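Residue strings, one per chain:
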Amino acid sequence: MPANDPFARLPQAASFTVTSTTVTDGAAWPPEQHSSGLPGGKDTSPQLSWSGAPAGTKSYAVTVYDPDAPTGSGFWHWAVVDIPASVSELPEGAGDDTGSQIPEAAYQLPNDARVARYIGAAPPAGHGPHRYFVVVHALDIPSTGVPADATPAVLGFTMAGHTLGRAVLTATAETPA
C-alpha cells in the first residue's frame, strides 16, 4: 500500500480511542460497508464508539477517507459534524439517507459522490488494497460553522486549527481484477 499519510501535514493532535463492533482496526470492511454497487455491498456506515478524548472537547466530527483512491485527492466517504461532546458513539447504519440516528444538532456533509450520507468502499477492480481512515476528531468548538453543503475538504480545513485529538481506526478493502 502507498505510504501516503493523510495527517502528515496537519497540526499534531492528541490520540484517543475509537472502536467498532463492525470492523477491527487493520481488518477488511465487512461486505455491508462496501458500496451497494458491489456484490453484498449495502452502504451501511460502521458502528463507532470512542473514549478518552482530550479535556476541553466541545464537539466531535467523524470522517471516513480513502487516500488511496486514484483521484489525486483521495475519496471522502462520510463526514458527520457538530456531534455534541456528550455523545460517544454512533450506531451501525447511522449514515443512511435519513440521518435519523445522527445526534440532534449534528449533520452529514455531502461526500465525494455528493450525497449527504455514508457511501461504502468501492476500490477500482485490480487497483490493489485501499485504506479507509475512520476518524473521530475532538474539537475545541461546539460547532464548526461549516455549511451543510460544504465538502469534507472544507471541513478538514476548518477543523485544522480546532482539533484537540484524533481517534483513528483503519479498515481496508480490495476489489479483485
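(A) A look at the pattern of salt bridges. Counted according to the given criterion, the structure contains 2 salt bridges. Across the pair Arg131 and Asp68 runs a salt bridge, and its minimum N-O distance is 2.8 Å. With Arg131 in strand β8 (residues 130–139) and Asp68 in the loop between β4 (59–66) and β5 (75–84), this pair connects stretches of sequence that are 63 residues apart. Take Arg131 and Asp68: they sit in the same class, and that class is buried. With a closest N to O distance of 2.9 Å, Arg117 and Asp97 form a salt bridge. Remark: Asp97 occurs in the loop between β6 (89–90) and β7 (107–108) and Arg117 occurs in the loop between β7 and β8; sequence separation between them is 20 residues.

(B) Highlighting the sheet that holds strand β2 (residues 17–19). Read from one edge to the other, the open sheet built from 3 strands follows the order β2-β3-β6, with strand pairing classed as antiparallel. One side of each edge strand has no neighbouring strand; the edge strands of this open sheet are β2 and β6. Relative to β6, strand β3 (residues 48–51) runs antiparallel, the two sharing 2 bridges. Each residue of the ladder has a partner; that of Leu48, found in β6, is Leu90.

(C) Region of the structure containing unusual backbone geometry. Notably, Ala105 is not glycine yet its phi reads approximately 85°, a positive angle. Within the secondary structure layout, Ala105 lies in the loop between β6 and β7. Owing to a relative accessible area of 58%, Ala105 belongs among the exposed residues under this scheme. Of note, the phi angle at Arg114 is positive, near 70°, even though the residue is not glycine. Residue position: Arg114 is located in the loop between β7 and β8. By relative accessible area, which is 46% here, Arg114 ends up partly exposed.

(D) A look at the packing of aromatic side chains. According to the stated counting rule, one finds 7 aromatic pairs in the structure shown. Between Phe7 and Phe133 the ring centres are 5.8 Å apart and the planes differ by 85°, which places this aromatic pair in the edge-to-face class. Pair noted here: Phe7 is in the segment before β1 (14–15) and Phe133 is in strand β8, with a separation of 126 residues, a long-range link. With respect to burial, Phe7 and Phe133 carry one shared label: buried. Feature note: the residues Trp29, Trp78, Tyr118 and Tyr132 constitute an aromatic cluster, connected by ring pairs.

(E) View of the nonpolar core. Grouped together as the largest cluster of nonpolar side chains are 27 residues, with contacts concentrated most on Trp29, Trp50, Val62, Trp78, Ile83 and Val136. Elements that contribute at least two residues to this core include exactly β3, β4, β5, β8 and β9 (163–173). What Val136 contacts, discounting residues up to four positions off in sequence, is Phe16, Val18, Trp50, Tyr60, Ala61, Val62, Gly165, Arg166 and Ala167. In terms of nonpolar packing, the next biggest core, distinct from the first, is built from 10 residues, Ala79, Ile141, Val146 and Met159 among them.

Conventions adopted
- Residues numbered from 1 in each chain as written.
- Predicted model: local features only at pLDDT ≥ 70, side-chain atom pairs only at ≥ 80, totals over all residues.
- Heavy atoms only, no water.
- Salt bridge = Lys/Arg side-chain N within 4 Å of Asp/Glu carboxyl O.
- Helix = DSSP H or I, 4+ residues; strand = E, 2+ residues; numbered from the N terminus.
- Buried < 20%, exposed > 50% of the residue type's maximum accessible area, 1.4 Å probe, protein only.
- Pairing = 2+ DSSP bridges.
- Phe/Tyr/Trp six-rings, centres within 6.5 Å; stacked < 30°, edge-to-face > 60°.
- Core = buried A, V, L, I, M, F, W, Y, C linked by side-chain atoms within 4.5 Å.
- Contact = heavy atoms within 4.5 Å.

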